[in-house]
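# Coordinate analysis (summary)
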Amino acid sequence: MVPCRPRPGRSAFLAFLFVLAREGVALNGVGLVRRIRVRADEPEDALALARYAGCHLAETRRLASR
């Protein structure tokens, strides 16, 4: 078995999910979140990620309230 190479994107994604979970936030799915490209040196990318997370969370809540 070949060990996985470290990947910064994967680490950032796991950190993102950890922060959400620590705050008690659960998303319905993370497939689309994994496909977003965010650059750490671009402030606009951080805002876009926050907006996307907010939209995704709203959809998760909407589905849960059914």
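The structure under discussion appears in the preceding block.
Below you will find a few notes about this structure. (Residues numbered from 1 in each chain as written. Predicted model: local features only at pLDDT ≥ 70, side-chain atom pairs only at ≥ 80, totals over all residues. Heavy atoms only, no water.)

### Considering the nonpolar core
- Membership of the largest hydrophobic core is limited to seven residues, which are Phe13, Phe16, Leu20, Leu27, Val33, Ala53 and Leu57.
- Put simply, the parts of the chain that give this core at least two residues each are helix H1 (8-22) and helix H3 (43-64).
- Sorting elements by how many residues they give to this core places H1 first, with three residues. (Core = buried A, V, L, I, M, F, W, Y, C linked by side-chain atoms within 4.5 Å. Buried < 20%, exposed > 50% of the residue type's maximum accessible area, 1.4 Å probe, protein only. Helix = DSSP H or I, 4+ residues; strand = E, 2+ residues; numbered from the N terminus.)

### Regarding H1
- Between the first and last C-alpha of H1 there are 21 Å, a value that for 15 residues agrees with the 21 Å anticipated at 1.5 Å per step.
- Taken together, the buried positions of H1 are Phe13, Phe16 and Leu20. All buried residues of H1 lie within an arc of 60 degrees about the axis, which places them on one face of the element. The exposed residues of H1 that point more than 90 degrees off its buried face are Pro8, Phe18, Ala21 and Arg22.
- Glycine 24, located one to two residues past H1, shows a positive phi value of around 80 degrees. (Expected span 1.5 Å × (residues − 1). Arc of directions from axis to C-beta.)

### A closer look at the pattern of salt bridges
- Applying the stated criterion across every chain, the model contains two salt bridges.
- Among the salt bridges present, the one from glutamate 23 reaches arginine 22, with a minimum N-O distance of 3.5 Å. Arginine 22 matches glutamate 23 in its accessibility class, with the two residues each being exposed.
- Between glutamate 59 and arginine 62 there is a salt bridge, and its shortest N-O distance comes to 2.6 Å. In this pair, glutamate 59 and arginine 62 both sit in helix H3, three residues apart, roughly one turn of the helix.
- Owing to a relative accessible area of 34%, glutamate 59 belongs among the partly exposed residues under this scheme. (Salt bridge = Lys/Arg side-chain N within 4 Å of Asp/Glu carboxyl O.)

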